[in-house]
Amino acid sequence: MANVYFDHNSTTALKPTVLEAMLPYMTKQHGNPTSQHSYGRSAREAIEQARQQVAKATGAQANQVVFTASGTEANNFAVTGIASNLNQTQILTSSIEHPCVSNPAKAMQHRGWQSNSIKVDANGSLDLMAFQKQLEAPTDLVSVMMANNETGAIQNIVRIVELASRKKAFIHTDAVQALGKINVNFTEMNVHAMTISSHKIGGPLGAGALVLNKRVDIQPLLLGGGQEKGLRSGTENIAAIVGFGAACELAKQELSNFASHTLMLRQYLEVGLHRTDAIIFGQKSNRLPNTSFFAFKNIDGETLVTALDKLGFAVASGSACSSASSEPSHVLLAMGVNPDLARGAIRVSFNADNTKQQVADFLKALKQALQDLRQMTAVAA
Amino acid sequence: MERMPIYLDYSATTPVDPRVAEKMIPYLTESYGNPASRSHPYGWTAEKAVEDARKEVAKLVNADPREIVWTSGATESDNLAIKGAANFYSGKGKHIITVATEHKAVIDPVRELERQGFTATFIEPNDDGLVDIETFKAAIQPDTVLASVMLVNNEIGVVQDIEAIGNVCRENGIIFHVDAAQATGKVTIDLGKLPVDLMSFSAHKTYGPKGVGALYVRRKPRIRIEAQMHGGGHERGMRSGTLAPHQIVGMGEAFRIARLEMAEENARIQTLHDRLLNGLQKIEETYVNGDLTHRVPHNLNISFNYVEGESLIMAIKGIAVSSGSACTSASLEPSYVLRALGRTDELAHSSIRFSIGRFTTEADVDYTIKLLAEKIGKLRELSPLWEMFQDGIDISKVEWAAH
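Residues numbered from 1 in each chain as written. Chains lettered and ligands numbered in written order. Predicted model: local features only at pLDDT ≥ 70, side-chain atom pairs only at ≥ 80, totals over all residues.

**Topic: the overall build of chain B**
The condition is simple: The helix count covers DSSP runs of H or I at least four residues long, the strand count covers runs of E at least two residues long, and both are numbered beginning at the N terminus. Atoms counted for the radius of gyration: C-alpha only. Globule rule: 2.2 Å times the number of residues to the power 0.38. Exposure classes come from backbone-placed C-beta atoms, where a residue is buried if 20 or more other C-beta atoms lie within 10 Å of its own, exposed if 12 or fewer do, and partly exposed in between. Here, residue contact means that the backbone-derived C-beta atoms of the two residues sit within 7 Å.
If you tally the helices and strands in chain B, you get 12 helices and 12 strands. Taking 403 residues into account, the globule formula puts the C-alpha radius of gyration at 22 Å, and chain B, at 22 Å, falls close to it. The principal-axis extents of the C-alpha atoms in chain B amount to approximately 75 × 55 × 40 Å. When the 403 residues of chain B are sorted by exposure, 56% land in the buried category. The contacts in chain B between residues at least 6 apart in sequence include a share of 75% that link residues at least 24 apart.

Set out below in structure tokens:
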């Protein structure tokens, strides 16, 4: 069993103080927030406090935060919900979006929309020239992620908003990977909607949010009891929401430490990688400090990940959601990486608890694993 | 902290059973993998836990684990079933049948489908809350594609004859969805026998955590639904989104406990129910809402005539109950469920839903009876309407002078 966890872009361990905040709501404080009695009232207060915490960590106002069950739900809600109340024109999403943005966008094609993707360059940054050209056609919705889950590439949202705003398009950004790793400010970015998720920042699975400008007329995804001011029906998952709030507060406090520490680890890792024949993806782009995505020629990523696992290191061979399939990463293909090389990609993503020693051990283990795998290939040949 | 009132609102939500919470904690601490991570044991452990829980949920309702799709709760299950099936089979027909007393999580998606070009019939139940099978048959149209009828009603606790309605649906080629959020652990559900195609479940009404539910999707004959949430292709493409293992584990454990203990528990709750009913019926002018035989013992919904609903709620702060279902109690509208039963606005307003459960004691029931008798007595002493009633005046025939 692996004992060093380098897969924090996939999911993170719950922080102990977050768990502590949640526990009362998993046991004694069991009210339904809609109920009128004191059980309901205390549940309601807990949710509103969490809403404040989330708003503070994202540069938003509390009344702009709509809780959902996950980042996936928030992304679906944003794309489907905003498009449903507009005239059918063009939806533009980047070619490196998470499938929970690109798939709902594609699904809107059945409802009369044109769904097109925006190219990225070899470093994984949005091709702004191409984007500007695509915006010449009537466009009402643009969704570009703030930071990519695989390469960590950070997009120039300010410029993207500038271009899209000229066309009066609504702009959504998936900030799931950005939160807690770089500064996220909803108001300053001036987007209409932004997705965030709890379990990527030391909070529990089961909570996410769409931060939403109130001028946006959005169609709810879930209808029923009218919770979240009618925007998201369903009994609130109080424990998870309370945990999400606590995790947001911590993430804000710990941001600068997280950024400097993980950046130091990554530099150390990548110096080591340069001594091998590793190819690092998106290295020339502005990246999340904790993420490194790389491959070795003629080495299969899945095999390497399994070998590393046996040596005690948990890393990813692509994004967790698509690691069920053996297709090469769509992000790398969009960057023009050769499919064979893309199949060899592995992702290391740190958090603030990882140490330099762990990285040093990892580099040794990696060298070992590469040697073994290449020997095996040589024998087979 | 103020002393918490006695909890008699188990139909709004149940406390998490301590045994369930205990099972969940490890998945919040050491076993925190993403079940979709295939490349390391953190992911495998999480995936195994998710599959074990799926078996437990399936076992309670005698289904195949492959027929269980995880969701974030019964609201999502209802939305997914109704919009998902209606959209997938819209080529077959565009008429939907449901009941006026369904939960909003069924009614609102049906209303939304109406805006998208479907038509719908909202059947009125009998005054006892039960759906008449002949009324249901009469609602069927040549292009009826989907029907949705809940197993146990959240406000009045009546149990519908799902088998009979399901058989009619089968004969007419109608997809049949059942909202069973209030039913698990209270009535036996055998999907091996019941002619049901889609069924919604919730964890937090059965001593599991909030934020998780499931949708049963029949495999034989295979029922298809259009996904409402797109993304990583989780849950065989029917519902994308990273699964939350701790919550799923909690639901599995809650349903396992329900399966093992429901017979004994329901007998105990029946006794408490009878005790509460007997005690409250000693108060004059009380009306039980919903049939008393086809009903789960966990629910008792009573209208107290000649008291004003809001004052009553304020007067009985020592117990936590609902006046109408939790999901609509924020509004001052009288319960649409009680109105569908033909209750007047006054009686609907002065109704209380008592819902009892695993941790309710005989002492809780006795306290409740005493509290209600005392407070209702006081409120009626102040009520001119009660005085008139006592004097034998038929208030419905009184002509009120305009001021």
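The rest of the description comes next.
**Some remarks on the overall build of chain A**
Secondary structure summary: chain A contains 12 helices and 12 strands in total. Its C-alpha atoms give chain A a radius of gyration of 21 Å, near enough to 21 Å, the size a compact globule of 381 residues would have. Within chain A, buried positions represent 59% of all 381 residues.

**Considering the confidence of the model for chain A**
The following threshold applies: For every residue, the predictor states its confidence as a pLDDT score lying anywhere from 0 to 100.
For chain A, the mean per-residue pLDDT works out to 94, and 97% of the residues sit at or above 70. Low pLDDT, under 50, characterises residues 319–323 of chain A; the predicted model gives this stretch 19 contacts beyond four residues in sequence or across chains.

**A closer look at the sheet that holds strand 5 (residues 144–148) of chain B**
Residue and element names in this part refer to chain B. Quick note on the threshold: Strands pair, by our definition, only if DSSP identifies at least two bridges between them. Note on geometry: axes are lines fitted to C-alpha atoms, helical ones only across the stretch in contact, with angles between N-to-C directions running from 0 to 180 degrees.
Ordered in space as 2-8-7-6-5-3-4, the 7 strands form an open sheet in which the pairing is mixed. Since the sheet does not close on itself, it has two edges, and those belong to strand 2 (68–71) and strand 4 (119–123), each with one partner. Strand-to-strand twist across the sheet, computed as the mean angle between neighbouring axes with direction ignored, equals 20°. Relative to strand 8 (residues 213–217), strand 2 is paired through 4 bridges, and the arrangement is antiparallel. Residue pairing for strand 8: threonine 71 is matched across the bridge by glycine 213.

**Description of the packing of helix 7 (residues 245–281) of chain B against helix 11 (residues 362–381) of chain B**
All names here are of chain B. Threshold: Relative orientations are named as follows: roughly parallel for angles under 35 degrees, roughly antiparallel for angles over 145 degrees, roughly perpendicular for angles from 65 to 115 degrees, and oblique for any other angle. Crossings are sorted by hand: turned counterclockwise from the far helix by less than a right angle, the near helix makes the crossing left-handed, and turned clockwise it makes it right-handed. Under this grouping Gly is polar, as are all residues other than the nonpolar Ala, Val, Leu, Ile, Met, Phe, Trp, Tyr, Cys and Pro and the charged Asp, Glu, Lys and Arg.
The interhelical angle for the contact between helix 7 and helix 11, taken along N-to-C directions, is 15°, at an axis separation of 9 Å. By the angle between their axes, helix 7 is roughly parallel relative to helix 11. As helix 7 packs across helix 11, the resulting crossing turns out to be right-handed. Contacts between helix 7 and helix 11 pair Leu272, Arg275, Leu276, Gly279 and Leu280 from the former with Glu362, Val365, Thr368, Ile369 and Leu372 from the latter. The class makeup of the residues in the contact of helix 7 with helix 11 is 6 nonpolar, 2 polar and 2 charged.

**Some details on the environment of Tyr367(B)**
Residues and elements named next belong to chain B. Within the secondary structure layout, tyrosine 367 lies in helix 11. With 15 C-beta atoms packed within 10 Å, tyrosine 367 lands in the partly exposed category. Placed 296 residues apart in sequence, tyrosine 367 and threonine 71 show a C-alpha to C-alpha distance of 38 Å.

**Here we look at the nonpolar core**
The condition is simple: Structurally, a nonpolar core is described as a collection of buried Ala, Val, Leu, Ile, Met, Phe, Trp, Tyr and Cys residues joined by way of C-beta atoms within 7 Å.
Counting residues in each nonpolar core, the largest one holds 232 residues, and the members touching the most others are Val211(A), Val242(A) and Tyr216(B). Aside from chain neighbours lying at most four places away, what touches Val242(A) is Ala21(A), Met22(A), Tyr25(A), Ala46(A) and Ala50(A).

**Regarding the confidence of the model for chain B**
Across chain B, the average pLDDT comes to 92, with 95% of residues at 70 or higher. A low-confidence stretch, residues 325–329 of chain B (pLDDT under 50), is modelled with 17 contacts involving residues beyond four sequence positions or located in other chains.

**Description of the interface of chain A and chain B**
Contact with chain A, which involves 60 residues of that partner, is made by 58 residues of chain B. Put simply, the parts of the chain that give the side of chain A that touches chain B at least two residues each are helix 1 (16–26), helix 2 (38–57), helix 3 (71–84), helix 4 (99–107), helix 8 (238–274) and helix 9 (301–310) of chain A. Considered class by class, the residues forming the side of chain A that touches chain B number 27 nonpolar, 28 polar and 5 charged.

**Some points on the pairing of strand 3 (residues 95–99) of chain B**
Residues and elements named next belong to chain B. Put simply, the rule reads: Look down the strands so they point away from you; if going from the first strand over the helix to the second traces a clockwise path, that crossover is right-handed.
The element strand 3 is largely enclosed, with a buried count of 4 among its 5 residues. Judged from the 5 bridges that link them, strand 3 and strand 4 form a sheet pairing that is parallel. Its bridge partner lying in strand 4, threonine 98 is registered against phenylalanine 122. Following the chain from strand 3 across helix 4 (residues 104–115) to the adjacent parallel strand 4, one finds a crossover that is right-handed. Taken together, the 4 bridges between strand 3 and strand 5 define a ladder with parallel strand orientation.

**Description of helix 1 of chain A**
So the rule is basically this: As used here, the arc is the angular range of directions from the helix axis to the C-beta atoms.
Restricting attention to buried positions, one finds in helix 1 of chain A the residues Val18(A), Leu19(A), Ala21(A), Met22(A), Tyr25(A) and Met26(A). All buried residues of helix 1 of chain A project into a common sector of 160° when viewed along the axis, lining one side. Exposed residues lying more than 90 degrees from the buried face of helix 1 of chain A are Pro16(A) and Glu20(A). Against the buried residues of helix 1 of chain A lie helix 2 and helix 8 of chain A together with helix 1 (18–24) of chain B.

**Regarding the environment of Glu22(B)**
Relative to the helices and strands, Glu22(B) resides in helix 1. In this structure the C-alpha to C-alpha distance between Glu22(B) and Gly250(B), which are 228 residues apart in sequence, comes to 8.8 Å.

**Quick word on the sheet that holds strand 7 (residues 193–197) of chain A**
Within a sheet, adjacent strands bond to each other through the backbone by hydrogen bonds, running parallel or antiparallel. All names here are of chain A. In spatial order, the strands read 2-8-7-6-5-3-4; together these 7 strands make up an open sheet with mixed pairing. Both outer strands of the open sheet, strand 2 (65–68) and strand 4 (114–118), are each paired with one neighbouring strand and no more. In this sheet, adjacent strand axes meet at a mean angle of 20° when their direction is disregarded. When strand 5 (residues 139–143) meets strand 6 (residues 170–174), the two strands line up parallel, connected through 3 bridges. Paired with serine 143 across the two strands is histidine 172, which belongs to strand 6.

**Some words on helix 2 of chain A**
We apply this condition: By definition here, a helix of n residues has an expected span of 1.5 Å times n minus one.
In this model, helix 2 of chain A (20 residues) spans 29 Å end to end at C-alpha, consistent with the 28 Å of a helix rising 1.5 Å per residue. Each element contacted by the buried residues of helix 2 of chain A is listed here: helix 1, strand 2, strand 8 (208–212) and helix 8 of chain A together with strand 1 (6–7) and strand 11 (319–320) of chain B. At the C-terminal side of helix 2 of chain A, Gly59(A) shows a positive phi close to 60°.

**Thoughts on the packing of helix 3 of chain A against helix 4 of chain A**
Residues and elements named next belong to chain A. Direction vectors running N to C along helix 3 and helix 4 enclose 30°, while the axes themselves pass 9 Å from each other. Taken together, helix 3 and helix 4 sit at an angle that is classed as roughly parallel. The element helix 3 and its partner helix 4 pack so that their crossing is right-handed. The residues of helix 4 that touch helix 3, namely those facing Thr72, Asn75, Asn76, Val79 and Thr80, are Cys100, Val101, Pro104 and Ala105.

**Some words on the pairing of strand 6 (residues 175–179) of chain B**
Residues and elements named next belong to chain B. The element strand 6 is extensively covered by neighbouring structure, given that 5 of its 5 residues are classed as buried. Side-chain alternation along strand 6 places Ile175, His177 and Asp179 on one buried face and Phe176 and Val178 on a second face that is also buried. Across 3 bridges, the pairing between strand 5 and strand 6 is parallel. Across the sheet, residue serine 148 finds its bridge partner in strand 6, namely histidine 177.

**Side note on the environment of Thr101(B)**
Residue and element names in this part refer to chain B. Here threonine 101 is to be found in the loop between strand 3 and helix 4. Sequence spacing of threonine 101 and valine 131 is 30 residues, and the spatial spacing of their C-alpha atoms is 9.7 Å. Filtering out sequence-adjacent residues up to four positions away, threonine 101 remains in contact with Pro125, Gly129, Asn153, Val337 and Ala340.

**Details of unusual backbone geometry**
All names here are of chain B. The peptide bond linking lysine 220 to proline 221 adopts the cis configuration, its omega dihedral lying at -5°. Relative to the helices and strands, proline 221 is located in the loop between strand 8 and helix 7. Its identity as a non-glycine residue notwithstanding, glutamate 285 has a phi of 55°, on the positive side. Among the structural elements, glutamate 285 can be located in the loop between helix 7 and strand 9 (286–288). A count of 15 C-beta atoms within 10 Å places glutamate 285 in the partly exposed class.

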